[in-house]
Amino acid sequence: MMLKKKTVNAVALILGLIALGLGVGFSTAHYYTGPAKEPAQEPSIEGLFWPNPKQVRPFETVDHTGERFGLKQLEGRWSFLFFGFTHCPDICPVTLSVLDQVERELEQRGITNTQTLFVTVDPERDTTRQLSEYVGYFNPDFIGLGGSEEQIRSLTGQLGVVAARGEVSEDGDYLVDHSASVLLVDPRGRLISLFSAPHKADEILSRFLDIRQFMQQQS
């Protein structure tokens, strides 16, 4: 009888040790989950449309040399787009002057895959010749885009650019209220950022370089 009791006690001891070992194993598995991973963070770049940039759909306009200009001409280059009109008294010439400073600084840094586009919201008056003279005054490399009202809407409509003609004076003159922001399209034809007025060359340059570096890291 004493032998059986000892045997039972020994079995109980062994089972207890096994259970303890299993418990330790479960405990270790529960608490150890491997190295901690830092959560993905959104880039803190003002005006950056990420992670959902807007893909520009096919459109067709006419540039200041009379050639067709569409989505294909946006691919492979960073494009600064500004919408205005050649009779604009203030915001248009000021903004184009700022963008000229940006382009010249980028060129000095060896960044040449950029282009600046001035898209008219007054195609009735802004002929090809008018656009050519206007953009050439600010920078010979600037591109003026015009065409019919329907062609202009093929671009402004999808980008949410608003323009409204004001009252016509006795001499037939009028102003056009329009968006003052500069839009940035990446080399894949996606609207990636927006620069709000008032525009400063150093701020646009700094943000563009940050965006460019960030997008290079994503590819």
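We now turn to the structure provided with this report. In every chain, residue numbers begin from 1 and rise along the written sequence. A pLDDT threshold of at least 70 governs which residues receive local features in this predicted model, and a stricter bar of 80 or more applies before side-chain atom pairs are shown or counted, although totals over entire chains, interfaces and linings include all residues. Side-chain measures here rest on the full set of heavy atoms in the structure, leaving out hydrogens and waters.

Re the pairing of strand β2 (residues 60-63)
Now for step 1: Classification of residues uses two cut-offs on accessible area relative to the type maximum, computed with a 1.4 Å probe and protein chains only: under 20% is buried, over 50% is exposed, and between them is partly exposed. Numbering of helices and strands runs from the N terminus; a helix is a DSSP stretch of H or I covering at least four residues, while a strand is a stretch of E covering at least two. Taking every second residue as pointing to the same face, the buried face of β2 carries Thr-61 and Asp-63, while none of Glu-60 and Val-62 on the other face is buried.
Now for step 2: Here β2 hands over to strand β3 (residues 68-70) after 4 residues, with Gly-66 in that stretch at a positive phi of 95°. Only strands that DSSP links by at least two bridges are regarded as paired with each other.

Some thoughts on the packing of helix α2 (residues 91-108) against helix α5 (residues 201-218)
Now for step 1: Lines are fitted to the C-alpha atoms to define the axes, a helix being fitted only along its stretch in contact, and any angle between axes, read from their N-to-C directions, falls within 0 to 180 degrees. Between α2 and α5, the least distance of the axes is 9 Å, while the angle of their chain directions is 50°. Here α2 is positioned oblique relative to α5, judged by the angle of their axes. Once α2 is placed against α5, the crossing between them reads as right-handed. Contacts from Val-98, Leu-99, Gln-101, Val-102, Glu-105 and Leu-106 in α2 reach Ala-201, Ile-204, Leu-205, Phe-208 and Leu-209 in α5.
Now for step 2: In terms of residue class, the contact of α2 with α5 is made up of 9 nonpolar, 1 polar and 1 charged. What sets the label is the angle itself: under 35 degrees gives roughly parallel, over 145 gives roughly antiparallel, 65 to 115 gives roughly perpendicular, and the rest give oblique. Here is the rule for handedness: rotate from the far helix to the near one, and if that takes an anticlockwise turn smaller than a right angle the crossing is left-handed, while a clockwise turn gives right-handed. By definition, residues are in contact when any of their heavy atoms lie within 4.5 Å. Under the convention adopted here, Pro, Cys and the residues Ala, Val, Leu, Ile, Met, Phe, Trp and Tyr are nonpolar, Asp, Glu, Lys and Arg are charged, and Gly plus all remaining residues are polar.

A word on unusual backbone geometry
Now for step 1: The residue after Trp-50, namely Pro-51, is reached through a cis peptide bond having omega 15°.
Now for step 2: By the secondary structure assignment, Pro-51 is in the loop between α1 (2-31) and β1 (54-55).
Now for step 3: The linkage connecting Ala-197 with the following residue, Pro-198, adopts the cis geometry, with an omega of 0°.
Now for step 4: Within the fold, Pro-198 resides in the loop between β10 (190-195) and α5.

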